[in-house]
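Fold and geometry: a report
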Amino acid sequence: MVKIDEPGEIIEEIPFSEELVLGENLQQDGATDAGQANSEIDDEREASLDREQTTVDAGTQNLMWPERDELWRTMPMCFQFSFGKKTTIMIDCFEICIECPSNLLARAQMFSSYKHRNTVKVLIGITPQGSVCFTSKAWGGRTSDKYLTESCGFLNNLKPGDLVLADRGFTISESVAFCQAQLGTPAFTKGKNQLDPFDVERTRGIAKVQIHVERVIGVLRQKYTILQSTLPLDYLTCSNNAADCPLIDRMIRVCSALTNLCPSVVPFE
């Protein structure tokens, strides 16, 4: 190979073997640049996953079980009038529609007799101040409220003397009693001609404050309309960066944590 600076003037003659070496060096440099580009893409992907996991962790940390001193100091008057300062948490379940799975067993486990559709059910816990302090993992819509409450780890947070308010469907008085806590539910009229005056007043007090759970769930659905739509089955699977936490569970936690940043639906006075 001949290198020419000006017409008719030969400056340097490069052997053919050195030309091959230069070509190989150029190929190596190109491969190095491609490897660096792929490495940068992988780093950006890992950083994105880390940011996503950090968001999930932040959402989980914001769903904190309240301390009893804080509850007593900021207890709304509607709770103090009916139950004093004993109330710790109000619980209820809500359902989210999901696509119909092809597996017949999974379809049967997700079919809700209440919604008459395939759903997932989530237990949610609300403090008397109106903030979300507990959300369970998503269960099949066929799961009963009692089984879900006893199996999702909710009872592990109870302390002796706590008062849990719930609807009639939560027949968990024995399980709550094992934790030395109390369960407050509306009185049953089955087998009775009429309720005692004490049961009437207690049921009326529970109904006044239990409506706040429905209001918080309504705010959660209105602010994040994805909870109103029919979710794909992919939301029930676990991604690589969160092996034990499906996307739907992380989504509910983050939405609940963001709801806690909004003004409370429970008036203090």
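Conventions used here
- Residues numbered from 1 in each chain as written.
- Predicted model: local features only at pLDDT ≥ 70, side-chain atom pairs only at ≥ 80, totals over all residues.
- Heavy atoms only, no water.
- UniProt positions renumbered as here; feature names shortened; annotations may be inferred.
- Helix = DSSP H or I, 4+ residues; strand = E, 2+ residues; numbered from the N terminus.
- Buried < 20%, exposed > 50% of the residue type's maximum accessible area, 1.4 Å probe, protein only.
- Contact = heavy atoms within 4.5 Å.
- Pairing = 2+ DSSP bridges.
- Core = buried A, V, L, I, M, F, W, Y, C linked by side-chain atoms within 4.5 Å.
- pLDDT = per-residue confidence, 0-100.
- Salt bridge = Lys/Arg side-chain N within 4 Å of Asp/Glu carboxyl O.
- Phe/Tyr/Trp six-rings, centres within 6.5 Å; stacked < 30°, edge-to-face > 60°.

Per an unreviewed UniProt entry, the protein chain is named DDE Tnp4 domain-containing protein, and its organism is Stylophora pistillata. Recorded in UniProt for the protein chain, the comment headed Cofactor (unreviewed entry) runs: "a divalent metal cation".

This brings us to the overall build of the protein chain. Check the secondary structure of the protein chain and you find eight helices and nine strands. By the burial criterion, 36% of the 269 residues in the protein chain qualify as buried. Partitioning the contacts of the protein chain with sequence separation of at least 6, the portion at a separation of at least 24 is 58%.

Sheet topology note: the strand S5 (residues 117-126)/strand S6 (residues 132-135) ladder contains three bridges and is antiparallel. Counterpart to isoleucine 126 in the pairing with S6 is valine 132. Between the antiparallel neighbours S5 and S6 lie five residues, among them glycine 130 with a positive phi of about 95°.

Okay, the nonpolar core next. Within the largest apolar cluster, 31 residues are counted, with the highest numbers of intra-cluster contacts made by Phe79, Met90, Phe94, Ile96, Ile124, Ile126 and Leu165. Put simply, the parts of the chain that give this core at least two residues each are helix H3 (77-83), strand S3 (87-97), S5, strand S8 (163-165), helix H7 (197-223) and helix H8 (247-260). No other element matches H7, which puts six residues into this core. Trp65, Cys93, Cys152 and Leu183 belong to the second largest nonpolar core, which has 19 residues in total.

Here we take up the side chain of threonine 149. With respect to the helices and strands, the residue threonine 149 is situated in helix H5 (residues 145-151). For threonine 149, the residues in contact, after removing those within four places along its chain, are Ile91, Leu123, Phe154, Leu155, Phe170 and Ile172.

When pLDDT is averaged across the protein chain, the result is 79; 74% of the residues are at 70 or more. Mean pLDDT per element in the protein chain: strand S2 (residues 9-13) is the minimum at 45, and S5 is the maximum at 95. For the stretch residues 2-23, pLDDT sits under 50, and the model shows 11 contacts to residues farther than four places along the chain or on other chains. Between residues 48-61, whose pLDDT stays under 50, and residues either more than four places distant or in other chains, the model counts 11 contacts.

Turning our attention to the pattern of salt bridges. Per the stated rule, a full pass over the model turns up four salt bridges. Taking the shortest distance from any N to any O, the salt bridge between lysine 121 and aspartate 145 comes out at 3.2 Å. Residue lysine 121 is located in strand S5, and its partner aspartate 145 is located in helix H5; the two are separated by 24 residues in the primary sequence. In this pair, the class of lysine 121 matches that of aspartate 145, namely buried. A salt bridge links glutamate 201 to arginine 204; the nearest nitrogen and oxygen atoms lie 3.5 Å apart. Remark: arginine 204 and glutamate 201 occur in helix H7; sequence separation between them is three residues, near one turn of the helix.

This structure, assessed with the given rule, holds three aromatic pairs. Where phenylalanine 134 meets phenylalanine 154, the ring centres are 5.6 Å apart and the plane angle is 65°; that geometry is what we call edge-to-face. Note that phenylalanine 134 is positioned in strand S6 and phenylalanine 154 in the loop between H5 and S8, a separation of 20 residues in sequence. Seen in terms of ring centroids, tryptophan 139 and tyrosine 147 are 5.9 Å apart; in terms of plane orientation they differ by 80°. Their pairing is edge-to-face. Residue class for tryptophan 139 comes out partly exposed when judged on its relative accessible area of 24%. Connected via pairs of aromatic rings, a cluster forms that spans Trp65, Phe134 and Phe154.

Summarising the element assignment, phenylalanine 111 is placed in strand S4 (residues 111-112). What makes phenylalanine 111 partly exposed here is its relative accessible area of 40%. Placed 29 residues apart in sequence, phenylalanine 111 and glycine 140 show a C-alpha to C-alpha distance of 7.4 Å. Filtering out sequence-adjacent residues up to four positions away, phenylalanine 111 remains in contact with His116, Arg117, Asn118, Gly141 and Arg142.

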